[in-house]
Amino acid sequence: MPTTAETLARTGGKHISHVLFSEEQIARRVAELGEQITRDIPEGEDILVLGLLKGSFIFLSDLVREIRRPIEVDFLIVSSYGSGTESSGEVQLLYARQASIEGKHVILVEDIVDSGTTLNRLIPILETRGPRSLEVCALLHKHIAKEMVRDAKWVGFDCPQEFVIGYGLDHSEKYRHLPFVGVIEP
Ligand code: PRP
């Protein structure tokens, strides 16, 4: 499908080679994830939704509005990519919640599980802080990691092996604000 004028206005004239998940598909799936989370977490217990910045910011904003429970929201900043398209394998924890996560059901929100490096490095660090439970909700999952310390309990979509942008995901910090997930033309 040709890139719409509205999208071209957002990309500065760059064409989208294909849309993988449309705005409508994402909205439907996010609502389902919110329902699943609401069902899966016991009532009356403390829930902390912890978003990994920056990629999760749009997904998390939509997801929390679909969770029918009292929750807290906070964010972590880690960085595993440089400005290119390949995972470097390094994870830096740049900002972490000061208040305790002890005794809470922590839902770690990721936009994408790619190599799995981020979660494999981050989960052991968070586990030492005594959460009641720690589970991952990822919008996209590439299923290429050989071993995961803890795989995502809730996954929006299986993602093909392409460099995807939009709905929070960037290429060199651009295209996060596109309302769909797609692949940009080189
Ligand atoms: C991306 C993405 C995930 C991580 C997944 O973050 O948001 O957090 O990489 O990759 P992995 O499974 O190979 O570790 P990035 O470091 O690009 O930062 P960003 O969220 O600010 O875009």
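All values reported here derive from a predicted model rather than from experimental measurement.

Rules used throughout
- Residues numbered from 1 in each chain as written.
- Predicted model: local features only at pLDDT ≥ 70, side-chain atom pairs only at ≥ 80, totals over all residues.
- Heavy atoms only, no water.
- Helix = DSSP H or I, 4+ residues; strand = E, 2+ residues; numbered from the N terminus.
- Buried < 20%, exposed > 50% of the residue type's maximum accessible area, 1.4 Å probe, protein only.
- Areas by Shrake-Rupley, 256 points an atom, 1.4 Å probe, with all protein chains shown as cover.
- Axes fitted to C-alpha atoms, helices over the stretch in contact; angles between N-to-C directions.
- Parallel < 35°, antiparallel > 145°, perpendicular 65-115°, else oblique.
- Left-handed = near helix turned anticlockwise from the far one by under 90°.
- Contact = heavy atoms within 4.5 Å.
- Nonpolar A, V, L, I, M, F, W, Y, C, P; charged D, E, K, R; others polar.
- Phe/Tyr/Trp six-rings, centres within 6.5 Å; stacked < 30°, edge-to-face > 60°.
- Expected span 1.5 Å × (residues − 1).
- Pairing = 2+ DSSP bridges.

Colleague: Got a sec to walk through the overall build of the chain? Specific residues and values, please.
Modeller: Counting its secondary structure elements, the chain contains four helices and eight strands. Residues classed as buried in the chain amount to 46% of the 186 residues present. When the accessible area of the chain is evaluated, it comes to approximately 9,500 Å², of which 50% is carbon and sulfur surface.

Colleague: I'd like a description of the packing of helix α2 (residues 23–40) against helix α3 (residues 57–64), backed by residues and values.
Modeller: With their axes 9 Å apart at the nearest point, α2 and α3 run at an angle of 60° to one another. It follows from the interaxial angle that α2 and α3 lie oblique. For the pair α2 and α3, the sense of crossing is right-handed. Residue-level contacts link Val30, Leu33, Gly34 and Ile37 of α2 to Phe59, Asp62 and Leu63 of α3. Considering only residue class, the contact of α2 with α3 consists of five nonpolar, one polar and one charged.

Colleague: How would you summarise the packing of aromatic side chains if you had to cite specific residues and measurements?
Modeller: All told, the structure shown has one aromatic pair when counted by the stated rule. Ring plane angle 20° and centroid distance 4.1 Å describe the contact between Phe21 and Phe157, whose orientation is recorded as stacked. With a gap of 136 residues between them, Phe21 in strand β1 (residues 16–21) and Phe157 in strand β7 (residues 154–158) connect regions that are remote in the sequence. Comparing Phe21 with Phe157, the two get one shared label, buried.

Colleague: How would you explain the environment of Val155 if you had to name every residue and give the values?
Modeller: Its place among the elements puts Val155 in strand β7. On the basis of relative accessible area, Val155 is assigned to the buried category, the value being 19%. Here the alpha-carbon distance between Val155 and Arg29, two residues 126 residues apart in the chain, equals 9.3 Å. When residues no more than four places from it in sequence are discounted, the contact partners of Val155 are Arg29, Leu33, Ala138, Leu139 and His141.

Colleague: With reference to specific residues and values, describe α2.
Modeller: Relative to the 26 Å expected for 18 residues at 1.5 Å per residue, α2 spans 26 Å between its end C-alpha atoms, a close match to the ideal helical length. Of the residues making up α2, those classed as buried are Ile26, Arg29, Val30, Leu33, Gly34, Ile37 and Thr38. The secondary structure elements touched by the buried residues of α2 are β1, α3, β5 (105–113), β6 (133–141), β7 and β8 (181–184).

Colleague: Provide a residue-level description of the pairing of β7, including the pertinent values.
Modeller: Of all five residues making up β7, four are buried, and the element is well covered by its neighbours. The pairing of β6 with β7 spans four bridges and is parallel. Note that in β7 the partner of Ala138 across the bridge is Val155.

In short, shape yes, function no, at least from these values alone.
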